[in-house]
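Here's the letter readout for the chains.
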Amino acid sequence: MGQEEDIWSDYADDDKTIAYIKNYLPQELKSKFSDDELLYFLDLIDEYYTESGILDTEPDAEGYVDIDLELVANYIVKEAQKDEMGEYDPEEILFVVQGEMEYGDSLGEIE
């Protein structure tokens, strides 16, 4: 696959993830976040996983890595404020983080 095809594949994956998260969110939050905001949150989730060292953590005996999703949500809120993207409620962002995790689980990527 060429580089251009990789980029389009990444966009398609992001679109699928955003659609899954929108479906996952409680009814009162479904229209609260734009696709651009959700894409921004996904980027911050990836950034958190990379910078926190969680990706280098050894899995437990059952193959799981414990991720504190509240820490991820708080990271997003802090970074969004720093980037002047807006003020977000950590409890609402937690649903986005949970939705992203559930999407990964549904693909069998996170075990």
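Residues numbered from 1 in each chain as written. Predicted model: local features only at pLDDT ≥ 70, side-chain atom pairs only at ≥ 80, totals over all residues. Heavy atoms only, no water.

K.L.:
How should the packing of helix H3 (residues 69–82) against helix H4 (residues 90–107) be read in this particular structure?
P.N.:
In contact at an axis separation of 8 Å, H3 and H4 are set at 120° when each is read in the N-to-C sense. Comparing their axes, H4 and H3 come out oblique. The interaxial crossing formed by H3 with H4 has right-handed handedness. Two secondary-structure elements touch here, H3 through Leu69, Glu70, Val72, Ala73, Asn74, Ile76 and Val77 and H4 through Pro90, Ile93, Leu94, Val97, Gln98 and Met101. When its residues are assigned to classes, the contact of H3 with H4 shows 10 nonpolar, two polar and one charged. (Axes fitted to C-alpha atoms, helices over the stretch in contact; angles between N-to-C directions. Helix = DSSP H or I, 4+ residues; strand = E, 2+ residues; numbered from the N terminus. Parallel < 35°, antiparallel > 145°, perpendicular 65-115°, else oblique. Left-handed = near helix turned anticlockwise from the far one by under 90°. Contact = heavy atoms within 4.5 Å. Nonpolar A, V, L, I, M, F, W, Y, C, P; charged D, E, K, R; others polar.)

K.L.:
Mind showing me how you'd approach the confidence of the model for the protein chain here?
P.N.:
This prediction gives the protein chain a mean pLDDT of 85; 86% of its residues lie at or above 70. Scored below 50 in pLDDT, residues 1–11 makes one contact in the model with residues more than four places away or belonging to other chains. (pLDDT = per-residue confidence, 0-100.)

K.L.:
Help me understand the packing of helix H2 (residues 35–52) against H3, please; the structure alone is not making it clear to me.
P.N.:
Packed helices, taken two at a time, are described by the angle between their axes plus the distance between the axes. At a closest axis distance of 10 Å, the pairing of H2 and H3 adopts a crossing angle of 115°. Here the hand of the crossing between H2 and H3 comes out right-handed. Only Leu69, Leu71, Val72, Tyr75, Ile76, Glu79 and Ala80 of H3 make contact with H2, whose side of the interface consists of Tyr40, Phe41, Leu44, Ile45, Glu47, Tyr48, Tyr49 and Glu51. A breakdown of the residues in the contact of H2 with H3 according to their chemical character gives 12 nonpolar, no polar and three charged.

K.L.:
Can you walk me through the nonpolar core in this structure?
P.N.:
Judged by nonpolar contacts, the single largest core of 27 residues is most densely connected at Phe33, Phe41, Tyr49, Ile76, Ile93 and Val97. Every element with two or more residues in this core is listed here: helix H1 (3–24), H2, H3 and H4. The dominant element in this core, judged by the number of residues it contributes, is H2, at eight residues. Dropping the residues within four chain positions of it, Val97 is found in contact with Ile45, Leu69, Val72, Ala73 and Ile76. (Core = buried A, V, L, I, M, F, W, Y, C linked by side-chain atoms within 4.5 Å. Buried < 20%, exposed > 50% of the residue type's maximum accessible area, 1.4 Å probe, protein only.)

K.L.:
Would you explain H3 in this entry?
P.N.:
Turn by turn, an α-helix covers 3.6 residues, leaving residues three or four places apart pointing in a common direction. Given a rise of 1.5 Å per residue, 14 residues ought to cover 20 Å, and the 20 Å separating the end C-alpha atoms of H3 matches this to within 8%. By the burial criterion, the buried members of H3 are Leu69, Val72, Ala73, Tyr75, Ile76, Val77, Glu79 and Ala80. Next to the buried residues of H3 lie H2 and H4. Where H3 begins, the side chain of Asp68 points an oxygen toward the backbone nitrogen of Glu70, at a separation of 3.0 Å. A positive phi of about 60° marks Glu84, the residue just after H3. (Expected span 1.5 Å × (residues − 1). Polar contact = N/O pair within 3.5 Å; in protein donor to acceptor, adjacent residues only side chain to side chain.)

K.L.:
Just to check I follow, could you spell out the side chain of Glu100 for this structure?
P.N.:
Structurally, the position occupied by Glu100 is in helix H4. Among buried charged residues, Glu100 stands out as having no salt bridge; its nearest opposite-charge side chain is Lys16, 15 Å away. (Lys, Arg positive; Asp, Glu negative; His and termini not counted. Salt bridge = Lys/Arg side-chain N within 4 Å of Asp/Glu carboxyl O.)

K.L.:
I tried to follow the pattern of salt bridges on my own but got confused; where do I start?
P.N.:
When charged atoms on two side chains of opposite charge get close, those side chains can pair. Per the stated rule, a full pass over the model turns up four salt bridges. A salt bridge links Glu79 to Lys78; the nearest nitrogen and oxygen atoms lie 3.8 Å apart. We note a salt bridge from Lys82 to Glu79, for which the minimum N-O separation is 3.3 Å. Taken as a pair, Lys82 and Glu79 lie in helix H3 at a separation of three residues, close to a single helical turn. Judged by its relative accessible area of 58%, Lys82 falls in the exposed class. Among the charged side chains, a salt-bridge network with shared partners connects Lys78, Glu79 and Lys82.

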